[in-house]
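Observations on the three-dimensional arrangement
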Amino acid sequence: DGGITQSPKYLFRKEGQNVTLSCEQNLNHDAMYWYRQDPGQGLRLIYYSQIVNDFQKGDIAEGYSVSREKKESFPLTVTSAQKNPTAFYLCASYGTDYGYTFGSGTRLTVV
Amino acid sequence: GNSVTQMEGPVTLSEEAFLTINCTYTATGYPSLFWYVQYPGEGLQLLLKATKADDKGSNKGFEATYRKETTSFHLEKGSVQVSDSAVYFCALIYSYGKLTFGQGTILTVHP
């Protein structure tokens, strides 16, 4: 089945630590996105990528980094510079066939 | 810039009641509009969409009409079920496939 796989489902980060969230898709979509979800605030765009080896900052990119070395993969690193990283993170891809497809999310908690 | 405003929530209804969740938007041009649904601990699923003025999107008994004159895309369902309990997001799509979301409305349906 085609879709997006995010891992892990739950992630715990210590203060000052970098963590990486995985996002893999087998839909052959060029465009991929990372969104952050906080209660009562909807989803906000962190980074997006239209093509391999290229990505752009979204609305709340500070404290995050990404890479796009393969079409299938768009990992997100939450760095120690992100002061309030506890949130639900959603990865998505977009294509003219299926439109937007979302992963099932990673819940990150600072301990 | 683009923005989406949803009605204040949460919304609590009895089974078989009529549902309306209001959504208004601000955008340049004529974006495509969407309603997404999120069940607990999961990613977002597309519920319905409309791509131009006066289009009506429909799915699983839910409907929404793209109203250019009132810049609205209200979600309606004639008879809700307990299984409809979820968070509902209104969204619009703009450049490079990026989505702007409303803050989400929590719907709880009691038997």
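Shown above is the structure to which this text applies.
As the structure is a prediction and not an experimental result, all values here were calculated from the model.

The rules we used
Residues numbered from 1 in each chain as written. Chains lettered and ligands numbered in written order. Predicted model: local features only at pLDDT ≥ 70, side-chain atom pairs only at ≥ 80, totals over all residues. Heavy atoms only, no water. Contact = heavy atoms within 4.5 Å. Buried area = accessible area lost by both parts, 1.4 Å probe. Salt bridge = Lys/Arg side-chain N within 4 Å of Asp/Glu carboxyl O. Polar contact = N/O pair within 3.5 Å; in protein donor to acceptor, adjacent residues only side chain to side chain. Helix = DSSP H or I, 4+ residues; strand = E, 2+ residues; numbered from the N terminus. Buried < 20%, exposed > 50% of the residue type's maximum accessible area, 1.4 Å probe, protein only. Core = buried A, V, L, I, M, F, W, Y, C linked by side-chain atoms within 4.5 Å. Disulfide = S-S within 2.5 Å.

Things to note about the interface of chain A and chain B
- Of the residues lining the interface, 19 residues belong to chain A; the matching set on chain B comes to 16 residues.
- Interface area, chain A with chain B, both sides summed: about 1,300 Å², of which 59% is carbon and sulfur.
- Three residues stand out in chain A for area buried against chain B, namely Leu43, Tyr100 and Phe102 of chain A, and they jointly supply 33% of the buried area on that side.
- Linking chain A to chain B there are zero salt bridges.
- Run the count over chain A and chain B and you get seven residue pairs in polar contact (both at pLDDT 80 or more).
- Looking at the side of chain A that touches chain B, the elements that each hand over two or more residues are β4 (31-37), β5 (43-51), β9 (87-95) and β10 (99-102) of chain A.

A word on the side chain of Thr79 of chain A
All names here are of chain A.
- With respect to the helices and strands, the residue Thr79 is situated in the loop between β8 (76-78) and β9.
- Residue Thr79 is classed as buried on the basis of its relative accessible area of 18%.
- Aside from chain neighbours lying at most four places away, what touches Thr79 is Arg13, Gln17, Asn18, Gly63, Tyr64 and Ser65.

So, the nonpolar core
- Judged by nonpolar contacts, the single largest core of 25 residues is most densely connected at Leu19, Trp35, Leu48, Phe73, Leu75 and Tyr88 of chain B.
- Counting only elements with at least two residues in this core, the list comes to β2 (11-14), β3 (19-21), β4 (23-26), β5 (32-38), β6 (44-50), β8 (62-65), β10 (86-93) and β12 (105-110) of chain B.
- Ranked by residue count, the leading element in this core is β10 of chain B, at four residues.
- When residues no more than four places from it in sequence are discounted, the contact partners of Phe73 of chain B are Cys23, Leu33, Phe34, Trp35, Leu48, Lys49, Ala50, Ala64, Thr65, Tyr66 and Cys90 of chain B.
- Listed in part, the 21 residues of the second largest apolar core include Leu11, Ile60, Val78 and Leu108 of chain A.

As for the state of the cysteines
Residue and element names in this part refer to chain A.
- One pass over the full model with this rule turns up two disulfides over all chains.
- Between the sulfur atoms of Cys23 and its disulfide mate Cys91 the distance is 1.9 Å. Residues Cys23 and Cys91 are joined by a disulfide whose S-S torsion is about -75°; by sign, that bridge is left-handed. Placement of the pair is Cys23 in strand β3 (residues 19-25) and Cys91 in strand β9, with a sequence separation of 68 residues.

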